[in-house]
Amino acid sequence: MSAEVEETLKRIQTHKGVIGTIVVNAEGNTTLITSTKVDYAGLLHQLTMKARSTVRDLDPQNDLTFLRIRSKKHEIMVAPDKEYLLIVIQNPSE
Amino acid sequence: MSTFFSQTNMLLMSVWSCFFGQDEEDGTEMGEGDEWMQGKTLIKPLDQLDLTEAELKEEFTRILTANNPHAPQNIVRYSFKERSYKPISSVDQLAVHFVLEGNLLHQDSDEARRQRAKQGLPEGGEDAGDVEEGGGEERADSVESKAGKKEQKITNQFNFSERASQTLNNPLRERGCQTEPPPRANFSATANQWEIYDVYLEVLQKQEKNKEKAKAVPKKDDDKGRELKNVPLFPPQSDDITKVAKVAKIIERMVNQNTFDDIAQDFKYFEDASDEYREQEGTLLPLWKFQYDKAKRLSVTALCWNESYKDLFAVGLGSYDFTKQGRGMLVFYSLKNSTFPEYIYPTTSGILCLDIHKHLPYLVAVGFYDGCVAVYNLKEETLQPIYKSTAKSGKHTDPVWQVKWQKDDMDNNHNFFSVSSDGRVVSWTLVKNELVFTDIIKLSLAGAVSEGPEGVQLPIMGKTSCGTSFDFHKQIDYLFLVGTEEGKIHKCSKAYSSQFLETYNAHNMAVDAVKWNHFHTKVFISCSSDWTVKIWDHTIKTPMFTFDLNASVGDVAWSPYSSTVFAAVTTDGKVHTFDLSINKYEAICQQPVVAKKKTKLTHIEFNPVYPIIIVGDDRGYVTSLKLSPNLRKKPKEKKGQELPKGPEVEIAKMEKLLSLLREPENSNA
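Residues numbered from 1 in each chain as written. Chains lettered and ligands numbered in written order. Predicted model: local features only at pLDDT ≥ 70, side-chain atom pairs only at ≥ 80, totals over all residues. Heavy atoms only, no water.

In the annotation of an unreviewed UniProt entry, the entry for chain B reads Dynein axonemal intermediate chain 1, and the organism field reads Oncorhynchus kisutch. According to the UniProt record, the Subunit (unreviewed entry) comment for chain B is "Consists of at least two heavy chains and a number of intermediate and light chains. Interacts with BICD2. Interacts with CFAP45 and CFAP52. Interacts with CFAP53." UniProt, in its Subcellular location (unreviewed entry) section for chain B, records the words "Cytoplasm, Cytoskeleton, Cilium axoneme". (UniProt positions renumbered as here; feature names shortened; annotations may be inferred.)

For chain A, the name recorded in an unreviewed UniProt entry is Dynein light chain roadblock, with Oncorhynchus kisutch as its organism. In the Sequence similarities (unreviewed entry) part of its UniProt record, chain A is described as follows: "Belongs to the GAMAD family." UniProt, in the comment section headed Function (unreviewed entry), describes chain A in these words: "Acts as one of several non-catalytic accessory components of the cytoplasmic dynein 1 complex that are thought to be involved in linking dynein to cargos and to adapter proteins that regulate dynein function. Cytoplasmic dynein 1 acts as a motor for the intracellular retrograde motility of vesicles and organelles along microtubules."

Below you can see the structure in the form of structure tokens.
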């Protein structure tokens, strides 16, 4: 089970255009930093909480699946979990 | 008053004179009395009142008081309190008769002191004792007086000295006591609607769990079917990484979506505009390409879409080459992730066919080259099939070419059919823990073979022919078709185990695929390595349509949206798409879909919902292609006329075509 997951994460990291991958836990600590920018963790954590709160306020039975932020330079993808947050930064145009 | 006095006096005097008989010795006293006495005769003043005896005896009370007769009796003072004049109740009655001022001074008074000071204190030596005392006193007094003069203290006459006393003030001490502060923690939370909802859900779940526990104890006979349907609880995950599994999957799909963004857009929205200019022809737009590097040397031997999850399809990998038999694989792909399969099951023997259960999307039946059949449960974590047939349990002795799920039998057990080169059509039932097989039919060579005593005319393959494909009728349950290696197609019924209902001499070589039409109940299609594709009406022994495709046809499939559209793949790497309502003789699209010309296409399947097809080849690749609008034509809507949609239309369409063909036949016949 864990091998599969690790394999998946490795595939993501080696996928075309992916710049960095970060796993953030509930407190905001990061593990698995493959990108040099650590600020992502704290900031995105807050944003995700806000987004999730919004979605659930609109309908409590609903829940946030993922969050994409597309900027000029790259795209940040955040997938929240109960305890963890998986952030991937990709350059989609390559 | 005075008269009264005088009268009584006179009376008294008269009495006195009687008693004493007065002498001239008492002349003085008597003298007065005498004078009085002598004048025995009363001399009445002229203005004396004449009173009667009674009046004379009258007693008059005379009171002696200390009041001052001159004091006023009605002094009135203004009272500010009552704002009126009020008589004073008590009036001062002091009457001063005589005042004489003396010239005595008290020796302690001021004046006395002044005088003494003038005289220079002569009294100092008069009386020693007194003087001392007096002096002492004086000194004290003088001291006092001096002090008094200094301070100007007003003293009274007596000796005044101030005395004060103070209680002892206890010294003040501060005492404090401090306990250890209780441990504090900051707590903050938000109370949103969804948080409340979450808590309620948790409580509900706990309640349900308790109920289940109470129920689970008495009930222990669970159906296997029901067990399969239950969602397995996730085992507690110790490793942190495993918790990220779900999100990792989502992220992977997102990343893929980004990379293949244009393909995803094409898949969803692209419609080939140039189809308007091409009257009848259509094109196939290549979309994703699915490959798994561990499966590179294997060829795709089976494809199947999942009915419930429309983006999931299964690929069976193995080898058609007799000499190169090795392992195989069962791989599941999702359109959402084209780079990596969702499920991977390696197998010991090459897979030749597979089928996904219509209603239970996690049950997959697989037929192997070594004759086994197996059933996989996708929900299980293991890579092993949950059922596998063995030599004991009646597995085929030759490769299994086709498997198909059937409806659950009477006992609600799942079952499926398989056909194999050993000539048997077998039904397998999943009963509890094992596969139970039942021979449905044995394929024997149709057409009596002369069994001459020489044995010359003996059939090549023995008594049984090899089944290479079969298909069950969509509506009529017991009816099915079997294609054989000899090129014949048999129409069979589940009820009859030895005889065929009908036999068609279809092809010259092995029948690779035979498929009923989705809409029209009478029509089926067959393809073979003899380069032809034929369409049949099962009531007529000769084919309705025959198409020659210039290369060995690997597979053919009807489209799920139209009764007249079908596609075929050939070993030269082309996909041929036909629409009989548009063009009865030619394909409306013939397109090579693989880069290298040597790759042979082995299988084709239409997606039940989306306008795409997947094509498998012998290199282990699966290519998905989008059908252009021309290939998906529905009959034109006439203005003002509502076109009935649905299978009836399709059937009618086909029927029209067939009737065109039948008439000349009838006329010929």
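A. The sheet that holds strand 5 (residues 312-318) of chain B, seen in detail. All names here are of chain B. Read from one edge to the other, the open sheet built from four strands follows the order 4-5-6-7, with strand pairing classed as antiparallel. This sheet does not close on itself; its edge strands, each paired only once, are strand 4 (299-305) and strand 7 (343-347). Ignoring which end each strand starts from, the neighbouring axes of this sheet average 15 degrees apart. Note that strand 5 and strand 6 (residues 328-334) share six bridges and pair antiparallel. Paired with Leu-317 across the bridge in strand 6 is Met-329. (Pairing = 2+ DSSP bridges. Helix = DSSP H or I, 4+ residues; strand = E, 2+ residues; numbered from the N terminus. Axes fitted to C-alpha atoms, helices over the stretch in contact; angles between N-to-C directions.)

B. Spotlight on the side chain of B:His507. Residues and elements named next belong to chain B. The topology assignment puts His-507 in the loop between strand 19 (502-505) and strand 20 (511-516). A distance of 2.8 Å separates the side chain of His-507 from the side chain of Ser-526, its partner in a polar contact. Among the polar contacts made by the side chain of His-507, one reaches the side chain of Asp-530 at a distance of 3.2 Å. Beyond its immediate stretch of four places on either side in the chain, His-507 contacts Glu-486, Gly-487, Ser-526, Cys-527, Ser-528, Asp-530, Thr-532 and Lys-534. (Polar contact = N/O pair within 3.5 Å; in protein donor to acceptor, adjacent residues only side chain to side chain. Contact = heavy atoms within 4.5 Å.)

C. Representation of the packing of helix 2 (residues 39-58) of chain A against helix 6 (residues 193-216) of chain B in the model. Where helix 2 of chain A meets helix 6 of chain B, the closest approach of the two axes is 8 Å, and the angle between their N-to-C directions is 75 degrees. On the basis of the axis angle, helix 2 of chain A is roughly perpendicular to helix 6 of chain B. Where helix 2 of chain A approaches helix 6 of chain B, its residues A:Ser53, A:Arg56 and A:Asp57 are matched on the opposing element by B:Gln193, B:Trp194, B:Tyr197 and B:Asp198. Of the residues contributing to the contact of helix 2 of chain A with helix 6 of chain B, the split by class is two nonpolar, two polar and three charged. (Parallel < 35°, antiparallel > 145°, perpendicular 65-115°, else oblique. Nonpolar A, V, L, I, M, F, W, Y, C, P; charged D, E, K, R; others polar.)

D. Representation of the packing of aromatic side chains in the model. One pass over the full model with this rule turns up 29 aromatic pairs over all chains. A centroid spacing of 5.8 Å and a plane angle of 90 degrees characterise the contact between B:Tyr292 and B:Phe340, whose relative ring orientation is edge-to-face. You can see B:Tyr292 sitting in the loop between strand 3 (284-290) and strand 4 and its partner B:Phe340 sitting in the loop between strand 6 and strand 7, a full 48 residues away along the chain. Note on B:Tyr292: relative accessible area 7%, which makes it buried. Here B:Phe340 falls in the buried class, since its relative accessible area comes to 13%. Here a set of aromatic residues connected by ring pairs shows up, and it is made of B:Phe545, B:Phe547, B:Trp558, B:Phe566 and B:Phe578. For A:Arg11, the ring lying beneath its charged end belongs to B:Phe340, and the centroid distance is 3.2 Å. A cation over a ring is seen here: B:Lys249 above B:Tyr343, with NZ or CZ 5.9 Å from the ring centre. (Phe/Tyr/Trp six-rings, centres within 6.5 Å; stacked < 30°, edge-to-face > 60°. Buried < 20%, exposed > 50% of the residue type's maximum accessible area, 1.4 Å probe, protein only. Lys NZ or Arg CZ within 6 Å of the ring centre and 35° of its normal.)

E. Up close: the interface of chain A and chain B. Contact with chain A, which involves 34 residues of that partner, is made by 27 residues of chain B. For the pair chain A and chain B, the two sides together bury roughly 2800 Å², of which 65% comes from carbon and sulfur. Taken together, the links from chain A to chain B amount to two salt bridges. Here A:Arg11 and B:Glu252 are joined by a salt bridge, their closest N and O atoms 2.8 Å apart. Our count for the chain A to chain B interface comes out at 14 residue pairs in polar contact (both at pLDDT 80 or more). (Buried area = accessible area lost by both parts, 1.4 Å probe. Salt bridge = Lys/Arg side-chain N within 4 Å of Asp/Glu carboxyl O.)

F. Just the UniProt feature "repeat: WD" (unreviewed entry) in chain B, in detail. UniProt records the feature "repeat: WD" (unreviewed entry) for residues 504-537 of chain B in the present numbering. Between the C-alpha atoms that bound residues 504-537 of chain B the distance is 11 Å, and the span itself is 0% helix and 59% strand.

G. A look at the nonpolar core. All names here are of chain B. Leu-330, Phe-332, Val-364, Val-366, Tyr-376 and Phe-416 are the most contacted members of the largest nonpolar core, which has 33 residues in total. Elements that contribute at least two residues to this core include exactly strand 4, strand 5, strand 6, strand 8 (351-356), strand 9 (363-368), strand 10 (373-377), strand 12 (400-405) and strand 14 (424-431). When residues in this core are grouped by element, the largest group, five residues, is from strand 9. (Core = buried A, V, L, I, M, F, W, Y, C linked by side-chain atoms within 4.5 Å.)

H. Quick peek at the environment of B:Val575. Residues and elements named next belong to chain B. With respect to the helices and strands, the residue Val-575 is situated in strand 26 (residues 574-579). On the accessibility criterion, Val-575 (0% relative accessible area) is buried. For the pair formed by Val-575 and Val-615, sequence separation is 40 residues and the distance between their alpha carbons is 8.5 Å. Discounting chain neighbours no more than four positions away, the residues touching Val-575 are Leu-284, Ala-568, Val-569, Cys-589, Gln-590, Gln-591, Val-593, Leu-601, Ile-604, Ile-613 and Val-615.

I. Structural view of empty space enclosed by the protein. Residues and elements named next belong to chain B. Following the criterion strictly, the structure yields one cavity of 30 Å³ or more and no others. Space inside the largest cavity adds up to approximately 40 Å³. The wall of the largest cavity is formed by Phe-270, Glu-271, Asp-272, Thr-283, Leu-285, Lys-626, Leu-627, Ser-628 and Pro-629. (1 Å grid on protein atoms, 1.4 Å probe; cavity = no way out; pocket = protein on both sides within 12 Å on 5 of 7 lines; lining within 4 Å. Points joined across faces, edges and corners; volume = space filled by probe spheres on them.)

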